[in-house]
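# Residue-level structural notes
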Amino acid sequence: MNAFQRFAARLFFGTTSVFENANRSPRRASVPGSGPRDATLDLTPGVRSELVRRSRYLTRNSGFIREIVSAMALYSVGDGLKPQAESVDPAWNRKAEAYFNRWARHAELSGRFNLTQCQHLVCRAVDVDGEMFVHKVEQDGQLKIQLIEGHRIGNSGETDDVVDGVRIAPDGRPLSYRLLADDGSHTDLPAAHVLHVYDPDSPSQLRGFPSLQHSINHMIDEMELLALEKHAVKDNADITRVLTTNRADADDGDFRLGSPEPGSSDSSFLHTVLGGKLVALQPGEDIKPFESSRPSPTFTGFLEHLRRDSALGMLPFEFASDSSKLAGAGVRLTVARADRRFSYRQTLLIDRMLRPLWLWVVGNAISEGRLPAVEGWTEVNFTTPRRVTVDAGREAAQNREDVKAGLKTLSDHFAELGMDIHEEVENRAREMTLIRDTAAKYGLPPQLLFDSFVQQPQTTTPLPDNNDSDRDDEPPAIK
């Protein structure tokens, strides 16, 4: 701003700052909101409820938003995040994992969902509602979880110590969550029994908000513009030809098919000679086909801008919608960015939901004597689905070389593929035992039988004789 503008700003808007972006200007709209304060004061129950209402509407009616939400759950959860116990006792680890997996088959209170389906529901809720509450309960002596949607937690009246359904301690710790019933009653659930799964945006934030909240207006505008444009395209499609004239006495009878006009050619005769349909026009009239320019390339580019801006902060636009304009390096960058998003969501689900559930379920089994207590029973990791990639062959070859060189452990290798190293090693041992026993049954060298599966022979060689099994050129047998 020049001196006059700074004087005018000081006159009409108060003092100015050396930070230009902090100065008000009559040529810019005032930014809504108050001064900096706790997130709980900005994210009031009314604001959060309205964001959730609009977000759910878009998820049900916008294909673009629905694809983003579905892709996040599909690639983050896949066929489920599976536990890997890491105590000092390998045998106990297998027993604990088996016990937890049996519980996971019927983990949900209503019996409608297993733990993998619950993970999908929670992951989708983080994007659509901003949060999900997982209530740990006991039903007929069995541990169960109850999924509580965000609109079920709230205030039943004005209270000083309950903020948007959360009773908090003076130091900010949640003490309980208020569960609202349909009849107007409520139940306070102890915070120790509730897992609040959400992605906090601020340390003072008590409730979650939809991760797609920044794109709500964009997507609603797109849906409204598309509806109006579709109506316009339908109207234009209904008009096939346009008759232009400079005569003042034109009426509905001027435009006729096959009707001879005074002073004009006989259209019926021309129709007989030339075929097709002819139009007899008065002098000064012209008929042309109507060509619609809607939707225009400018309009479609405008819609793409809205979608690109809406996808920022969630998934790359090219990953969720259209990757046709990307080259090789761009595809790799887009997939890598999306993979980081999926990894972050997996970490969120593990830290806020799955690891606490492991401690709850396995700890209960130890206290009741179903599992023995071992050192490090609280240590657990979770295998994730296979990472998304566009260079599966190249990365697989590089992984094999890293494992051979000792730069990567087998555990890391199998974890990237969404596999459990213990299961894979067990399967490999069973296969090698089967090959050894089958080779002994038919009198074949085990290595020859093994090589027939893992590589194609270059030349056809006769089967070795049983009496020549001790030759020096015999492949070493699997023992």
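Given the structure is predicted, the values throughout are model-derived calculations rather than measurements. (Residues numbered from 1 in each chain as written. Predicted model: local features only at pLDDT ≥ 70, side-chain atom pairs only at ≥ 80, totals over all residues. Heavy atoms only, no water.)

## A look at the packing of aromatic side chains
Under the counting rule described, the total for this entry stands at eight aromatic pairs. Between Tyr75 and Phe319 the ring centres are 5.4 Å apart and the planes differ by 70°, which places this aromatic pair in the edge-to-face class. Of this pair, Tyr75 sits in helix H4 (residues 63-77) while Phe319 sits in helix H10 (residues 317-320), placing them 244 residues apart in sequence. Taken together through their ring pairs, the aromatic side chains of Phe100, Trp103, Trp358 and Trp360 make up a single cluster. (Phe/Tyr/Trp six-rings, centres within 6.5 Å; stacked < 30°, edge-to-face > 60°. Helix = DSSP H or I, 4+ residues; strand = E, 2+ residues; numbered from the N terminus.)

## A look at the nonpolar core
For soluble globular proteins, the rule of thumb is that nonpolar side chains tend to be buried together. Trp103, Leu115, Ile145 and Met353 are the most contacted members of the largest nonpolar core, which has 62 residues in total. Residue contributions to this core peak at 15 residues, all from helix H11 (residues 328-367). Excluding anything up to four places from it in sequence, Leu115 contacts Phe100, Trp103, Ala104, Ala107, Ile145, Met353, Leu354 and Leu357. One finds Phe133, Ile153, Ala191 and Val194 within the second-largest nonpolar core, a separate group that totals nine residues. (Core = buried A, V, L, I, M, F, W, Y, C linked by side-chain atoms within 4.5 Å. Buried < 20%, exposed > 50% of the residue type's maximum accessible area, 1.4 Å probe, protein only. Contact = heavy atoms within 4.5 Å.)

## Describing the sheet that holds strand S6 (residues 174-180)
Ordered in space as S4-S5-S6-S7, the four strands form an open sheet in which the pairing is antiparallel. One side of each edge strand has no neighbouring strand; the edge strands of this open sheet are strand S4 (162-163) and strand S7 (186-190). (Pairing = 2+ DSSP bridges.)

## Some thoughts on the pairing of S6
Relative to S6, strand S5 (residues 166-168) runs antiparallel, the two sharing three bridges. The partner of Val166 across the bridge, within S6, is Tyr177. Joining the antiparallel neighbours S5 and S6 is a turn of five residues, in which Gly172 adopts a positive phi near 95°. With five bridges joining them, S6 and S7 adopt antiparallel strand pairing. What sits directly across from Tyr177, in S7, is Leu189. Hairpin connection, S6 to S7: the antiparallel pair is bridged by five residues, and Gly184 has positive phi, about 95°.

## A short note on unusual backbone geometry
Notably, Asp140 is not glycine yet its phi reads approximately 55°, a positive angle. Position of Asp140 relative to the elements: it lies in the loop between strand S2 (131-139) and strand S3 (142-148). Residue classification places Asp140 among the exposed positions, given a relative accessible area of 76%. Backbone geometry places Asp164, a non-glycine residue, at a positive phi of 50°. Mapping Asp164 onto the fold places it in the loop between S4 and S5.

## A word on the pattern of salt bridges
Inspection of every chain in the model, using the stated rule, returns 24 salt bridges. A salt bridge links Arg48 to Asp164; the shortest N-O distance between them is 2.8 Å. Residue Arg48 is located in helix H3 (residues 45-61), and its partner Asp164 is located in the loop between S4 and S5; the two are separated by 116 residues in the primary sequence. Asp164 sits in the buried class, given a relative accessible area of 7%. The residue Asp182 makes a salt bridge to Arg152 at a minimum N-O spacing of 2.7 Å. Highlighted residues: Asp182 in the loop between S6 and S7 and Arg152 in the loop between S3 and S4, separated in sequence by 30 residues. For Asp182, a relative accessible area of 71% puts it in the exposed group. Here the residues in one salt-bridge network are Arg48, Glu131, Asp164 and Arg207, joined through shared partners. (Salt bridge = Lys/Arg side-chain N within 4 Å of Asp/Glu carboxyl O.)

## A short note on the pairing of strand S8 (residues 194-198)
The buried fraction of S8 is high, at five of five residues. Covered by surrounding structure in S8 are Val194, His196 and Tyr198 together with Leu195 and Val197, the residues of both alternating faces.

## Details of the environment of Leu195
Looking at the element boundaries, Leu195 is found in strand S8. Its relative accessible area of 10% is what places Leu195 among the buried residues. Along the chain, Leu195 and Ile145 lie 50 residues apart, while their C-alpha atoms are 9.8 Å from each other. Those residues within four positions of Leu195 in sequence are excluded, and the remaining contacts are Met132, Phe133, Val134, Arg352, Met353, Pro356 and Leu357.

## Overview of the sheet that holds S2
Across the sheet, which stays open at both edges, the three strands sit in the order S3-S2-S8 with antiparallel pairing between neighbours. Either end of the sheet is taken by a strand with one partner, and the two such strands are S3 and S8. Along the sheet, successive strands turn relative to each other by an average axial angle of 25°, direction set aside. Examined bridge by bridge, S2 and S8 share five bridges and lie antiparallel to one another. Across the sheet, the residue bridging to Met132 is Val197, located in S8. The strands touched by helix H6 (residues 115-128) are S2, S3 and S8; relative to S2, the strand with the most contacts, the crossing angle is about 150°. (Axes fitted to C-alpha atoms, helices over the stretch in contact; angles between N-to-C directions.)

## Overview of the packing of H4 against H11
A pair of packed helices is characterised by two quantities: the angle between their axes and the separation of those axes. Two numbers describe how H4 lies on H11: the axes approach to 9 Å, and their chain directions differ by 70°. If you check the angle between H4 and H11, you find them roughly perpendicular. Contacts between H4 and H11 pair Ala71, Met72, Tyr75, Ser76 and Val77 from the former with Arg341, Phe342, Arg345, Gln346 and Leu349 from the latter. Grouping the constituent residues of the contact of H4 with H11 by class yields six nonpolar, two polar and two charged. (Parallel < 35°, antiparallel > 145°, perpendicular 65-115°, else oblique. Nonpolar A, V, L, I, M, F, W, Y, C, P; charged D, E, K, R; others polar.)

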